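# Fold and geometry: a report
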Amino acid sequence: MANVRCLEKLFRLQKLLLPLHAQSCRLHRQLPLAAASLARGYAKDATEKSGGNGSLEDFRAREEQLERERDAAEEAAAKATKNETGQGAGGTQQESGEQSAKQAKVDAIRVQILDAALEHVPQHGWTRQSIVLGAEQCGYPSVVHGMFPEGGFALVSHFNGKCNAQLVQSLKQKTGSGQQEVENPLDFLVQAVRQRMEMIAPYKAQWPQAMSLIAQPQHASTALAQVLTLVDDICYYSGDRSVDFGWYTRRIGLATIMKMTELYLLQDTSAGHTQTWDFLKNRMDEAVQLQMALSQTEGMTHTFQRSFNSAFITARNILGLGFKRT
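Here goes a summary of the coordinates provided.

Calculation rules
Residues numbered from 1 in each chain as written. Predicted model: local features only at pLDDT ≥ 70, side-chain atom pairs only at ≥ 80, totals over all residues. Heavy atoms only, no water. Helix = DSSP H or I, 4+ residues; strand = E, 2+ residues; numbered from the N terminus. Buried < 20%, exposed > 50% of the residue type's maximum accessible area, 1.4 Å probe, protein only. Contact = heavy atoms within 4.5 Å. Areas by Shrake-Rupley, 256 points an atom, 1.4 Å probe, with all protein chains shown as cover. Expected span 1.5 Å × (residues − 1). Patch = residues over 30% accessible without salt bridge, like charges linked within 9 Å, V, L, I, M, F, W, Y side chains within 5 Å. Salt bridge = Lys/Arg side-chain N within 4 Å of Asp/Glu carboxyl O. Lys, Arg positive; Asp, Glu negative; His and termini not counted. Charge placed at Lys NZ, Arg CZ, Asp CG, Glu CD. Phe/Tyr/Trp six-rings, centres within 6.5 Å; stacked < 30°, edge-to-face > 60°. Lys NZ or Arg CZ within 6 Å of the ring centre and 35° of its normal. Core = buried A, V, L, I, M, F, W, Y, C linked by side-chain atoms within 4.5 Å.

### Brief notes about the overall build of the protein chain
Per the secondary structure count, the protein chain includes eleven helices and zero strands. Going from the N terminus to the C terminus, the protein chain shows its helices and strands as α-α-α-α-α-α-α-α-α-α-α. When each of the 326 residues of the protein chain is scored for burial, the buried share is 30%. Partitioning the intrachain contacts of the protein chain with sequence separation of at least 6 by distance along the chain shows that 70% fall at a separation of at least 24. Accessible area of the protein chain: about 21000 Å², with a carbon and sulfur share of 57%.

This is how it looks when you write it as structure tokens:
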């Protein structure tokens, strides 16, 4: 019995040990596989590490290539912008040229209409109606008078500007563009003013209307600019190159005499306006005598100098006149 029990215990122990043995066998078989897998992992890591330098070089090469491409793109964009800017400037200049051409065409039409309108002034005065008739005479519709928002003053200003230009051209021819010396400056001034007043004579009956338009506040700046420019031109071609006190007194004095003669002309009924020309000569002589008297009185000269200087410079600056000849 004791032997039987020993055998039973032996069988139970064998049953218990058999699973453990089987597990042990499987563990022995798995250990080489795990070691091989681990070895392959280490080998892979080593391979990757050994090839890391090559990957870094490739990365650097790609970055450098991208940088070169970016630089090329920026350079191309800069060139395109420059070309567009050049084309834009060229387009602006072209537009400016076209605008100037259009304005010149409009100005030419204005001059044509106003020249034709002067023929109607004796019948219709310095009015918009004369401008309308001038436009129709040139073949333009009557509504073109909208080009002259100043109304009758546009016609007066055109006439004064045209007469002043004709007088200056005549003075240039007489003096060789100011290069020839004038023998008698006083007589030169008298003849210049007379020539300018004679241009008003054909419109003598209508000239009070023109003077009323000139006197209006909104037209004063244009009218004053025309007068100051004219008297400076006359003095210049008479040989006046002074830069002292006389520069102001002569020009202001001449402008005053011109306006006085203009008023006298409107009331003169003598043949050939001889009384007007005598009046002009007498006023010029008085102006010379006054200037001589002022030059002998130093204190009075300085007083007039300050007054004329301030008045003339202020008027010139307001009107934007520089009196510079090229």
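### Thoughts on the side chain of Thr-276
Along the chain, the position of Thr-276 falls in helix H10 (residues 274-295). When sequence neighbours within four positions are dropped, the list of residues in contact with Thr-276 reads Thr-261, Tyr-264, Leu-265 and Asp-268.

### Focus on helix H5 (residues 152-175)
Taking 1.5 Å of rise per residue, the 24 residues of H5 would be expected to cover 34 Å, and the 35 Å separating its terminal C-alpha atoms lies within 8% of that figure. A positive phi of about 60° marks Gly-176, the residue just after H5.

### Remarks on a negative patch on the surface
Together, Glu-64, Glu-67, Asp-71 and Glu-74 make up a negatively charged patch on the protein surface. Mapped onto the elements of the fold, Glu-67 is located in helix H2 (residues 52-117).

### Overview of the packing of aromatic side chains
Evaluated as defined, the whole model comprises seven aromatic pairs. Both rings, one in Trp-126 and one in Tyr-203, keep their centres 5.4 Å apart while their planes meet at 55°; by these two values the pair is tilted. Remark: Tyr-203 occurs in the loop between helix H6 (185-198) and helix H7 (207-214) and Trp-126 occurs in the loop between helix H3 (121-124) and helix H4 (128-137); sequence separation between them is 77 residues. For the pair Trp-126 and Tyr-203, one class covers both residues: buried. Taken together, the ring pairs in this structure connect Trp-126, Phe-159, Tyr-203 and Trp-207 into an aromatic cluster. Lying across the ring of Phe-279, Arg-283 places its NZ or CZ 4.5 Å from the centre.

### Looking at the environment of Phe-148
Within the fold, Phe-148 resides in the loop between H4 and H5. Note on Phe-148: relative accessible area 0%, which makes it buried. The sequence separation of Phe-148 and Leu-114 amounts to 34 residues, and the corresponding C-alpha distance is 9.7 Å. Setting aside residues up to four positions removed in sequence, Phe-148 forms contacts with Arg-110, Ile-113, Leu-114, Arg-128, Ile-131 and Ala-154.

### Re the side chain of His-158
With respect to the secondary-structure elements, His-158 resides in helix H5. Residue class for His-158 comes out buried when judged on its relative accessible area of 15%. Excluding residues within four positions of it along the chain, His-158 makes contact with Val-111, Leu-114, Asp-115 and Leu-118.

### Here we look at the nonpolar core
Trp-126, Ile-234, Leu-254 and Met-284 are the most contacted members of the largest nonpolar core, which has 49 residues in total. Of all the secondary-structure elements, those providing two or more residues to this core are H2, H4, H5, H6, H7, helix H8 (217-237), helix H9 (245-267) and H10. It is H5 that contributes the most residues to this core, nine residues altogether. Excluding anything up to four places from it in sequence, Met-284 contacts Leu-186, Leu-189, Val-190, Val-193, Leu-254 and Ile-257.

### Structural notes on unusual backbone geometry
At Ser-177, a position not held by glycine, the phi torsion is positive, near 60°. Residue class for Ser-177 comes out partly exposed when judged on its relative accessible area of 44%. Phi angles above zero are rare outside glycine, and His-273 is one such case at about 55°. Positionally, His-273 belongs in the loop between H9 and H10.

### Observations concerning the pattern of salt bridges
This model, assessed by the stated rule, comprises eight salt bridges. Linking Arg-251 and Asp-232 is a salt bridge whose minimum nitrogen-to-oxygen distance equals 2.6 Å. Of this pair, Arg-251 sits in helix H9 while Asp-232 sits in helix H8, placing them 19 residues apart in sequence. As far as the burial class goes, Arg-251 and Asp-232 line up, both buried. Among the salt bridges present, the one from Lys-259 reaches Glu-262, with a minimum N-O distance of 3.3 Å. Here Glu-262 and Lys-259 lie together in helix H9, a separation of three residues that amounts to about one turn. Among the residues examined, Glu-262 registers a relative accessible area of 5% and is labelled buried.

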